[in-house]
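The primary structure of each chain is shown beneath.
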Amino acid sequence: MDSAPKDSPQNTAPAFSPDALSGNQVFRLAHWLSDAVNSVRIRLARRWKFDPQTVVYQGYGSTSQVRVLGRVLLTQKPLPGSKADHAARNGNQNVRGWRAFTSVPLQFTDVEISIGDVVTHVRADRGGLIDTEVDVRLSPGWHTAILRAEGTEPAEALIHVIAPDVKFGIVSDIDDTVMVTALPRPFLALWNTFVLSERARMATPGMAVLLDRLTVEYPDAPVVYLSTGPWNAAPTLARFLSRNMYPAGALLLTDWGLTQDRWFRSGQDHKLRNLERLAKEFPDMRWLLIGDNGQHDEAIYSRFAQDNPDKVAAIAIRQLSISESVFAGGHSEDGDHTTSRVPWIYSPDGAGIAKQLAMLGVLQR
């Protein structure tokens with residue numbers, strides 16, 4: 001999580017200082033402009049009666065340390081009694097993609113996290129994100145973390161605590177793996193992300209059944225959905241996964257735009273960094289890595305498996321169809337993995353992956 005300086009002003013237009021950020025003058029100016037634009041958005045949102053809200057995401061952890069995820073935003077709540085309010089209360093939203101980006105992040109906001117008797121105070125980063133580790137002794141199973149930011153109602157985040165003897169976990173990509181999106185092509189990315197309604201998105205054939213079978217055979221296994229998608233889309237993705245009967249799991253997403261040291265966040269670095277983090281957090285875990293051949297999953301998983309062959313049970317790659325490949329701007333060729341110490345699986349759908357996992361002994365026949 002990006003850390004803020006102790007004296008960072010909250011929700012006010014920043015005064016530009018050349019020494020405030022590292023990098024060349026253009027990069028520092030871009031940061032200043034980004035913060036200034038966000039400050040204007042905050043003022044406008046408050047004028048339009050947007051309310052501060054702490055949005056929480058499912059976390060995970062061990063019996064001694066858990067990862068807590070959330071975000072502090074200014075959001076426009078539906079009018080009480082309206083159709084939108086009724087849909088929100090019943091989980092029946094059908095939201096156009098652009099609406100997920102109307103919320104305004106509250107930067108560097110103080111947040112209190114309570115897990116049982118343990119209370120921790122952290123600060124949201126420049127994107128309003130909370131991504132922190134809390135040292136706490138918990139029994140295996142499901143627990144609740146309560147997040148409170150100033151001016152917001154307390155929000156409860158589910159935390160899946162993994163027992164020390166659990167040795168199998170599941171990491172799955174989202175775009176074109178569990179959900180057909182064809183995201184890499186720029187105009188389609190804009191259409192799918194900002195225009196398409198969430199109920200128009202399609203589940204990949206057989207993938208929900210595959211993941212359900214895996215969680216039935218490995219009921220204590222952690223499930224992690226690792227994607228380069230933005231945190232703004234997290235509520236939409238969570239509803240999609242639930243609606244299509246995918247097992248509950250932690251979402252590990254990212255944000256677009258400037259970081260402290262680069263112009264754009266690297267999706268590949270984001271995925272590899274989180275895989276390496278999972279390997280450190282659960283040193284005895286072997287992971288089934290599920291992705292597709294439309295982006296960079298093969299290269300990312302291959303690199304991770306080369307460095308950590310004892311931490312990968314298998315790599316399953318969903319092959320895009322010809323039409324999906326065209327929309328996605330092409331696909332990678334199936335690599336030569338004859339020298340790999342990790343088994344690789346290729347199939348166009350979940351049923352084919354399940355069949356090959358059964359042949360490896362990962363699933364029962």
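What this report covers is the structure whose coordinates are included nearby. If you're wondering where the values come from, they're calculated on a predicted model, not measured in any experiment. (Residues numbered from 1 in each chain as written. Predicted model: local features only at pLDDT ≥ 70, side-chain atom pairs only at ≥ 80, totals over all residues. Heavy atoms only, no water.)

### Things to note about the sheet that holds strand E9 (residues 168–172)
What links the strands of a sheet is backbone hydrogen bonding, and the strands pair in either a parallel or an antiparallel sense.
Part 1: A sheet is described by the order of its strands in space; here six strands give the open sequence E13-E12-E9-E14-E15-E16, paired in parallel fashion. Two strands lie at the open edges of the sheet, namely strand E13 (250–254) and strand E16 (344–347), each paired on one side alone. Strand-to-strand twist in this sheet, taken as the mean axis angle between neighbours without regard to direction, amounts to 20 degrees.
Part 2: Note that strand E15 (residues 312–318) and E16 share four bridges and pair parallel. Residue pairing across strands places Ile317 opposite Tyr346, the latter belonging to E16.
Part 3: The sheet contacts of helix H7 (residues 297–307) involve E9, strand E14 (286–292), E15 and E16, and relative to E14 the element is tilted by about 160 degrees. (Pairing = 2+ DSSP bridges. Helix = DSSP H or I, 4+ residues; strand = E, 2+ residues; numbered from the N terminus. Axes fitted to C-alpha atoms, helices over the stretch in contact; angles between N-to-C directions. Contact = heavy atoms within 4.5 Å.)

### Side note on the pairing of E15
Regular strands show a simple pattern: their side chains alternate between the two faces of the sheet.
Part 1: Burial analysis of E15 places seven of its seven residues in the buried class, which makes it a mostly covered element.
Part 2: Strand direction decides the pairing type here: E14 and E15, joined by six bridges, are parallel. Paired with Leu289 across the strands is Ile315, a residue of E15. (Buried < 20%, exposed > 50% of the residue type's maximum accessible area, 1.4 Å probe, protein only.)

### Description of unusual backbone geometry
Part 1: With a phi angle near 70 degrees, Lys49 is a residue other than glycine that sits in the positive phi range.
Part 2: Relative to the assigned elements, Lys49 resides in the loop between helix H1 (25–47) and strand E1 (51–61).
Part 3: Here Lys49 falls in the exposed class, since its relative accessible area comes to 67%.
Part 4: Of note in this structure, Asp176 is not a glycine but carries a positive phi near 65 degrees.

### Considering helix H4 (residues 207–217)
Part 1: All buried positions along H4 are accounted for by Met207, Ala208, Leu210, Leu211, Leu214 and Thr215. Down the axis, H4 shows its buried residues gathered within 160 degrees of arc, on one side only. In H4, the exposed positions angled more than 90 degrees off the buried face are occupied by Val209 and Val216.
Part 2: Against E9, strand E12 (223–230), E14 and helix H9 (350–360) lie the buried residues of H4. (Arc of directions from axis to C-beta.)

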